[in-house]
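# Working through the structure, step by step
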Amino acid sequence: MIGNERLAVRKTYKLYLGGAFPRSESGRTYEVHDAKGAFLANAAWASRKDARDAVVAARGAFPKWSGATAYNRGQVLYRVAEVMEGRHAQFCEEVAAGEGLSSGRARAAVDAAIDRWVWYAGWTDKLAAVLGSANPVAGPYFDFSLPEPTGVVAVLAPQRSSLLGLVSVLAPVLAGGNTAVVVTSRERPLPAVTLGEVLATSDVPGGVVNLLTGDAAELGPWLAEHDDVDAIDLTGAPAERAMEFEREAAGSIKRVLRPPAVEPDWSADPGLTRMRTFLETKTVWHPKGF
Amino acid sequence: MTHVLDPHALTAETPPRRELPTPYADVTRSESAFRAFLHGLPGVDQVGAQSRVAMLGTRSIKTTSKAWAIDTAISMVDLTTLEGADTPGKVRSLAAKARRPDPTDPGCPPVAAVCVYGDLAGIAKEALAGTGINVAAVATAFPSGRASLAVKLADVRDAVANGADEIDMVIDRGAFLSGRYLDVFDEIVAVKEACGEAHLKVILETGELVTLDAVRRASWLAMLAGGDFIKTSTGKVSPAATLPVCLVMLEAVRDFRAATGRQVGVKPAGGIRTTKDAVKHLVLVNETAGPDWLTPDRFRIGASSLLNDLLLQRQKLRTGHYSGPDHVSVD
């Protein structure tokens, strides 16, 4: 009897794009290491063409997702949290390895991430009441202001907080009815890969969330300049290039969410800023009936 | 009592006999001779055809070659609208797009033709006057082709009278598939005659022909009968234009020119939606029939949504960043 110890299956993850898991168009992959430098897995290294395809997928998914009722969107997002709960142990393991946390602190981060997702799921059908208004006008009209989703939002996810940070930037985009193209943390992409598997097995329509593992510095300019991206969240952009990305985004008058000077403590109360940034206020006048 | 405008229309018209090019002068002398000829054409290696197009599809066309390919593809587009809901207004706006596909860039070439139903050919003709862009009209009871010869010929004459420069006819697939090749042949000859000056494109509707062998036979039949172009599909049947089908048709026009000296064009139509598809077709043309076919006189692409994708790719090359569907017109 020789060698009865099992040979581990080495993983090469793929992108999550348009509801499917394709390899990078470029064929590139890169090695992902844990906080101590040990090999964890291979991840797909997304190219600009993957970003382009992701934008096409996100644009295609936008009418259905933005057109769903706020209540329905909340149900779909809540279901995501349920599936995340089922993957709790896997998330804990990945967060602990990637961020170098103790198992207790990793568990706390995963708990907070799932709770954050539920919190945003609850906001979908409250946004119109909180951010919209019935405006007083001096005439025989009704006048309403309503928040509407901005469109396709490119998100450069935080580089350090691989799950709680990711959820904190992605969920507010989705809650408002936008579709997202996310560039994940380069060094710590595995929780994002697992989140992709969660999204694929929940009720979120394909293309609403597209997760590109790779380099925000490489993909940032293409997404910032892309004419069919309506807004960009620069949270995970390299500090020295954020200004450049913002300038490029101006060419197609995108909404831009500037990056914080240092990555914030994601466990703090998120407030409404992130949701409000990716909502447009539409005001309608309507004559009163007789 | 039948209701037709021309009292003689339904009397049996004797289709005009066509002089065939030398090596094939007597292949249509009888039904059996014609069948023997068509079935005597070499069989198509289907697996070989598929692997050939798969191999050619991997060619990488970049930078200046890509820019050339995009502009060439735009100049080969038959911009098409064939819907029951077509209106004169829609045809006019399509004509405007045909003249200046990208209004922000005067360097963008116009398309080759606008393809409409016969009754709207006059509108298209008027809107395209003086531009050099042709008006193509579908006729012969498009898309099914299920009507009597007299009705089909009336359809063709009507479209030509409305100003069509090119007629896209459909073959009688029922007759072809049941082996009545001479009927199909005679019908194409009669339609060609009815076209007068107008160019004739013969739609084989390859999606209904099932095998590549049948595509090869139909191609030869259409070329012998005098078609100026052979066209894959109506766009109403799936699968429409596929690369293996296009390969077989390009081989047919190449071999036909080698044998007779007459150069027939090819038009894939339907299902070509992306720039990548279009470029794959151009590579296939160059490698199969040769560069003589890389002109709008010899190769056309029947499409509607393809043009917008070509324009988006063109804008990407020009500006260096990705464009979006908000930057091209909605058809």
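The text that follows walks through the structure, step by step, so that each part is easy to find. (Residues numbered from 1 in each chain as written. Chains lettered and ligands numbered in written order. Predicted model: local features only at pLDDT ≥ 70, side-chain atom pairs only at ≥ 80, totals over all residues.)

## So, the overall build of chain B
The test is simple: Segments assigned H or I by DSSP are reported as helices when at least four residues long, segments assigned E as strands when at least two residues long, and all are numbered from the N terminus. Atoms counted for the radius of gyration: C-alpha only. Globule rule: 2.2 Å times residue count to the power 0.38. With C-beta atoms placed from the backbone, a residue is buried if 20 or more other C-beta atoms are within 10 Å of its own, exposed if 12 or fewer are, and partly exposed between those counts. We call two residues in contact whenever the C-beta atoms placed from their backbones are within 7 Å.
Scanning chain B from N- to C-terminus turns up 12 helices and eight strands. Computed over its C-alpha atoms, the radius of gyration of chain B comes to 20 Å, within 12% of the 20 Å expected for a compact globule of 331 residues. Along the longest, intermediate and shortest principal axes, the C-alpha atoms of chain B span 60 × 50 × 30 Å. For chain B, the proportion of its 331 residues judged to be buried stands at 49%. Considering only intrachain contacts with a sequence separation of at least 6, the fraction spanning at least 24 residues in chain B is 74%.

## Brief notes about the overall build of chain A
In terms of helices and strands, chain A carries 10 helices and 10 strands. Expected size for 290 residues packed as a compact globule is a radius of gyration near 19 Å; at 20 Å, chain A falls within 12% of this value. Its C-alpha atoms give chain A principal-axis dimensions of roughly 90 × 35 × 35 Å. Of all intrachain contacts in chain A linking residues separated by at least 6 positions in sequence, the fraction that spans at least 24 positions is 74%.

## Focus: the nonpolar core
To keep things clear, this is the line we draw: The term nonpolar core means buried Ala, Val, Leu, Ile, Met, Phe, Trp, Tyr and Cys residues held together as one set by C-beta atoms within 7 Å.
Within the largest apolar cluster, 104 residues are counted, with the highest numbers of intra-cluster contacts made by Ala-73, Val-77, Val-114, Ala-124, Ala-137 and Ile-167 of chain B. Among residues more than four places away in sequence, those in contact with Ala-73 of chain B are Ala-278, Val-279, Leu-282, Ile-301 and Leu-310 of chain B. Ala-54, Ala-157, Val-169 and Trp-222 of chain A belong to the second largest nonpolar core, which has 84 residues in total.

## Some details on helix H7 (residues 190-200) of chain A
Residue and element names in this part refer to chain A. A large share of H7 lies buried, amounting to eight of its 11 residues. Buried within H7 are the following residues: Leu-190, Pro-191, Ala-192, Val-193, Leu-195, Gly-196, Val-198 and Leu-199. On its buried side, H7 packs onto strand S1 (29-33), strand S2 (39-44), helix H2 (70-86), helix H3 (88-99), helix H6 (164-175) and strand S7 (209-212).

## Let's talk about the sheet that holds strand S4 (residues 141-149) of chain A
Residue and element names in this part refer to chain A. Put simply, the rule reads: A strand pair is defined by DSSP finding two or more bridges across the two strands.
Strands sit in the order S3-S4-S10 across an open sheet of three strands; the sheet is antiparallel. Each edge of the open sheet is held by one strand with a lone partner, namely strand S3 (133-134) and strand S10 (279-287). Bridge count for S3 against S4 is two bridges, and the pairing is antiparallel. Bridging from a neighbouring strand, Ser-133 pairs with Ser-145 of S4.

## Remarks on the sheet that holds strand S5 (residues 199-203) of chain B
Residues and elements named next belong to chain B. Using the following cut-off: Each axis is a line fitted through C-alpha atoms, and for a helix only the stretch in contact is used; angles between axes span 0 to 180 degrees, taken between their N-to-C directions.
Judged by pairing direction, the sheet is parallel, and its eight strands sit side by side in the order S7-S6-S5-S4-S3-S2-S1-S8 without closing on themselves. Edge strands, defined here as strands with exactly one partner in the open sheet, are strand S7 (265-267) and strand S8 (301-303). Geometrically, the sheet is characterised by an average inter-axis angle of 25° between neighbouring strands, direction not taken into account. Those strands touched by helix H4 (residues 88-99) are strand S1 (77-80) and strand S2 (113-117), and its axis lies near 165° from that of S2.

## A look at the pairing of strand S6 (residues 179-183) of chain A
Residues and elements named next belong to chain A. Note the following rule: Seen with the strands pointing away from the viewer, any crossover whose path from the first strand over the helix to the second strand runs clockwise is right-handed.
The buried count for S6 comes to five of five residues, which makes it a mostly enclosed element. Because side chains alternate across S6, one face comprises the buried residues Thr-179, Val-181 and Val-183, and the other comprises Ala-180 and Val-182, equally buried. As paired elements, strand S5 (residues 152-156) and S6 share five bridges and run parallel to each other. The residue bridging Leu-156 from the neighbouring strand is Val-183, located in S6. With respect to chirality, the unit in which S5 leads through H6 into the neighbouring parallel S6 is right-handed. Both S6 and S7 contribute to a ladder of four bridges, which runs parallel. Pairing of Val-182 across the sheet is with Leu-211, part of S7. Remark: the S6/H7/S7 crossover connection has right-handed handedness.

## Some thoughts on the packing of H3 of chain A against H7 of chain A
Residues and elements named next belong to chain A. Rules: Each angle is binned into one of four classes, with values under 35 degrees roughly parallel, values over 145 roughly antiparallel, values of 65 to 115 roughly perpendicular, and all other values oblique. Should the near helix be turned anticlockwise from the far one by less than a right angle, the crossing is left-handed, and should it be turned clockwise, the crossing is right-handed. Lys, Arg, Asp and Glu make up the charged group, whereas Ala, Val, Leu, Ile, Met, Phe, Trp, Tyr, Cys and Pro make up the nonpolar group; the residues left over, Gly among them, are polar.
Close contact between H3 and H7 brings their axes to 9 Å; oriented N to C, the two are set at 160°. Our classification of the angle between H3 and H7 gives roughly antiparallel. As H3 packs across H7, the resulting crossing turns out to be left-handed. Taken together, the residues of H7 that come into contact with H3 (itself represented by Gln-90, Phe-91, Glu-94, Val-95 and Gly-98) are Leu-190, Pro-191 and Thr-194. The class makeup of the residues in the contact of H3 with H7 is four nonpolar, three polar and one charged.

## Section: the interface of chain B and chain A
If you look at the interface, chain B gives seven residues, while chain A gives six residues. In terms of residue class, the side of chain B that touches chain A is made up of two nonpolar, four polar and one charged.

## Things to note about the environment of Tyr-16 of chain A
Residue and element names in this part refer to chain A. Structurally, the position occupied by Tyr-16 is in the segment before S1. As a C-alpha pair, Tyr-16 and Ala-54 span 38 residues in sequence and 8.9 Å in three-dimensional space. Residue contacts for Tyr-16: discarding those within four places in its chain leaves Phe-21, Gly-196, Leu-199, Ala-200, Asn-210 and Leu-211.

## Considerations on unusual backbone geometry
Residue and element names in this part refer to chain B. Look at the link from Phe-142 to Pro-143: it is a cis peptide, with omega at -5°. With respect to the helices and strands, the residue Pro-143 is situated in the loop between strand S3 (134-138) and helix H6 (149-161). In this structure, Pro-239 follows Ser-238 across a cis peptide bond, with omega equal to 0°. Here Pro-239 shows up in the loop between strand S6 (229-231) and helix H10 (243-260).

## Brief notes about the environment of Asp-155 of chain B
All names here are of chain B. Relative to the elements of secondary structure, Asp-155 occurs in helix H6. Taking C-alpha positions, Asp-155 is 15 Å from Val-202, a pair spaced 47 residues apart along the chain. Ignoring sequence-local partners within four residues, the contact set of Asp-155 consists of Gly-118, Ala-139, Thr-140 and Ala-141.

## Describing helix H9 (residues 212-224) of chain B
Residue and element names in this part refer to chain B. Applicable threshold: Given the number of residues in a helix, its expected span is that number minus one, multiplied by 1.5 Å.
The end-to-end C-alpha distance of H9, which contains 13 residues, comes to 18 Å, matching closely the 18 Å that a straight helix rising 1.5 Å per residue would cover. Judged by how many residues are buried, H9 sits mostly within the fold: 11 of 13 residues are covered. Turning to H9, its buried residues number three or more, namely Leu-212, Val-215, Arg-216, Arg-217, Ala-218, Ser-219, Trp-220, Leu-221, Ala-222, Met-223 and Leu-224.

Geometric values such as these leave the question of function open.
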